[in-house]
Amino acid sequence: MTEPETRAERKERTRQALLDGTLEMLADRGFASLSLREVARSAGIVPTAFYRHFSSMEDLGVTLAEDGMRVLRRMLREARRDRGAAGTTTVRASLDILLREVRAHEGQFRFLGRERQGGAPAVRRAISTELRLFASELTIDLSRMPALASWPVEDLEMAADLIVAVMMTTVVDVLEVPAGSREERAVVARAERQLRLILVGMGSWRPNSEAG
């Protein structure tokens with residue numbers, strides 16, 4: 001016999017159902033077009049019960065943004081762990097991890113790509129904050145590389161921002177093509193070239209140098 005579900009477990013299950021149901025409805029819609037009533041119905045609860053889990057629709061959107069970006073940060077940690085085991089992380093290996101995560105969590109990444117520019121202000125701010133955290137983790141990773149040990153933080157942050165920008169563009173482009181297709185391979189190949197170009201430029205960059 002299975003143990004009876006506790007109240008906390010039921011609450012967590014309903015909360016997750018609200019998140020999953022929202023992502024399903026967002027497959028071809030913007031977050032602003034959803035109503036609280038629709039979201040509640042997707043989880044099989046009455047609208048008033050929604051407030052036991054989220055204070056507002058914006059709160060729900062912020063949670064979705066944080067959860068989606070958490071997947072990206074987990075990807076970065078996984079790439080860091082692989083580098084620790086093998087001594088180095090190739091650009092292609094990092095992109096393979098990114099592709100795998102995007103395909104495993106398409107709903108979350110589609111939401112991030114769409115709401116990053118045109119979503120509700122609170123959701124946009126949440127995504128922007130999470131992107132800064134992502135770039136900060138990457139900045140720390142770069143600072144630990146012997147070749148970059150003398151770089152000032154500002155230059156490391158600039159390099160991290162460029163890498164994150166390529167990754168986010170790649171996420172959006174991957175979601176526009178079929179999984180496993182020639183178009184998907186082309187997107188990944190282009191991202192690999194872009195990242196290699198950034199790395200080549202970093203190798204030639206002289207910290208504290210002035211333009212001109």
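None of the values given here were measured: they were computed from a predicted structure.

S.K.: Describe the overall build of the chain, naming the residues involved and giving the relevant values.
M.R.: When helices and strands are tallied, the chain shows eight helices and zero strands. Summarising its shape, the C-alpha atoms of the chain cover approximately 60 × 40 × 35 Å along the three principal directions. Counting only residues that meet the buried cut, the chain has 42% of its 212 residues in that class. Taking the intrachain contacts of the chain between residues at least 6 apart in sequence as the baseline, contacts between residues at least 24 apart amount to 67%. Surface accessibility of the chain: about 12300 Å² in total, with carbon and sulfur atoms responsible for 53%. Separation between the mean location of the 32 positive side-chain charges and that of the 31 negative ones in the chain comes to 1 Å.

S.K.: Pulling in residues and values, what's your account of the pattern of salt bridges?
M.R.: This structure, assessed with the given rule, holds twelve salt bridges. The residue Arg 73 makes a salt bridge to Glu 137 at a minimum N-O spacing of 3.2 Å. Here the residue Arg 73 occupies a position in helix 3 (residues 57-86), and Glu 137 occupies one in helix 6 (residues 121-143), the gap between them amounting to 64 residues. Exposure remark for Arg 73: the relative accessible area of 14% places this residue in the buried category. Here the salt bridges do not stand alone but share partners, grouping Arg 92, Asp 96, Glu 192 and Arg 196 into one network.

S.K.: Could you give an account of the nonpolar core, naming the residues involved and the relevant values?
M.R.: The tendency in soluble globular proteins is for nonpolar side chains to be buried side by side. If you look at the biggest cluster of nonpolar residues, it comprises 64 residues, and the most contacted ones within it are Phe 31 and Phe 111. Of all the secondary-structure elements, those providing two or more residues to this core are helix 1 (7-25), helix 2 (36-42), helix 3, helix 4 (91-104), helix 5 (106-118), helix 6, helix 7 (153-174) and helix 8 (182-204). With eleven residues, helix 3 is the largest single contributor of residues to this core. Other than its neighbours up to four places away in sequence, Phe 31 contacts Thr 22, Leu 26, Met 57, Leu 60, Gly 61, Leu 64, Phe 111, Glu 115 and Val 123.

S.K.: Tell me about the packing of aromatic side chains, residues and numbers included.
M.R.: What the rule picks out here adds up to three aromatic pairs. Taking the centre distance of 6.0 Å and the plane angle of 75° together, the rings of Phe 31 and Phe 111 count as edge-to-face. A residue pair is termed long-range when its members are at least 10 positions apart, and Phe 31 in the loop between helix 1 and helix 2 and Phe 111 in helix 5 qualify at 80 residues. Take Phe 31: its relative accessible area is 5%, and that puts it in the buried class. Of the residues examined, Phe 111 reaches a relative accessible area of 1% and is grouped as buried. On the numbers, 5.6 Å between centres and 90° between planes, the contact of Phe 50 with Tyr 51 is edge-to-face. On the accessibility criterion, Phe 50 (0% relative accessible area) is buried. One aromatic cluster is present, formed by Phe 50, Tyr 51 and Phe 54 through successive ring pairs.

S.K.: Account for the layout of surface pockets, with residues named and values stated.
M.R.: For the second largest pocket, the calculated volume is near 170 Å³. Around the second largest pocket sit Arg 7, Arg 10, Lys 11, Thr 14, Ile 45, Ala 49, Arg 52 and His 53, which together line it. By residue class, the composition of the lining of the second largest pocket is two nonpolar, two polar and four charged.

S.K.: Lay out helix 7 with the relevant residues and their values.
M.R.: Count 3.6 residues to each turn of an α-helix, and residues three or four apart come out pointing the same way. Taking 1.5 Å of rise per residue, 22 residues should cover 32 Å, and helix 7 covers 31 Å from first to last C-alpha, within 8% of that figure. Looking only at helix 7, the buried set comprises Asp 155, Leu 156, Ala 159, Ala 160, Ile 163, Val 164, Val 166, Met 167, Met 168, Thr 170, Val 171 and Val 174.

S.K.: Help me get a handle on the packing of helix 6 against helix 7, residues and values and all.
M.R.: Two numbers describe how helix 6 lies on helix 7: the axes approach to 8 Å, and their chain directions differ by 125°. Judged on the interaxial angle alone, helix 7 and helix 6 are oblique. In the packing of helix 6 onto helix 7, the handedness of the crossing is right-handed. Listed contacts from helix 7 to Leu 131, Phe 134, Ala 135, Leu 138, Thr 139, Leu 142 and Ser 143 of helix 6 are Leu 156, Glu 157, Ala 159, Ala 160, Asp 161, Ile 163, Val 164, Met 167 and Met 168.

S.K.: Give me the lowdown on the confidence of the model for the chain, citing residues and values where you can.
M.R.: When pLDDT is averaged along the chain, the result is 88; 92% of the residues meet or exceed 70. Averaged pLDDT values over the elements of the chain bottom out at 79 in helix 3 and peak at 96 in helix 2. Across residues 84-88 the pLDDT falls below 50, and counting only partners more than four positions away or on other chains, this stretch makes three contacts in the model.

About the thresholds
- Residues numbered from 1 in each chain as written.
- Predicted model: local features only at pLDDT ≥ 70, side-chain atom pairs only at ≥ 80, totals over all residues.
- Heavy atoms only, no water.
- Helix = DSSP H or I, 4+ residues; strand = E, 2+ residues; numbered from the N terminus.
- Buried < 20%, exposed > 50% of the residue type's maximum accessible area, 1.4 Å probe, protein only.
- Contact = heavy atoms within 4.5 Å.
- Areas by Shrake-Rupley, 256 points an atom, 1.4 Å probe, with all protein chains shown as cover.
- Lys, Arg positive; Asp, Glu negative; His and termini not counted.
- Charge placed at Lys NZ, Arg CZ, Asp CG, Glu CD.
- Salt bridge = Lys/Arg side-chain N within 4 Å of Asp/Glu carboxyl O.
- Core = buried A, V, L, I, M, F, W, Y, C linked by side-chain atoms within 4.5 Å.
- Phe/Tyr/Trp six-rings, centres within 6.5 Å; stacked < 30°, edge-to-face > 60°.
- 1 Å grid on protein atoms, 1.4 Å probe; cavity = no way out; pocket = protein on both sides within 12 Å on 5 of 7 lines; lining within 4 Å.
- Points joined across faces, edges and corners; volume = space filled by probe spheres on them.
- Nonpolar A, V, L, I, M, F, W, Y, C, P; charged D, E, K, R; others polar.
- Expected span 1.5 Å × (residues − 1).
- Axes fitted to C-alpha atoms, helices over the stretch in contact; angles between N-to-C directions.
- Parallel < 35°, antiparallel > 145°, perpendicular 65-115°, else oblique.
- Left-handed = near helix turned anticlockwise from the far one by under 90°.
- pLDDT = per-residue confidence, 0-100.

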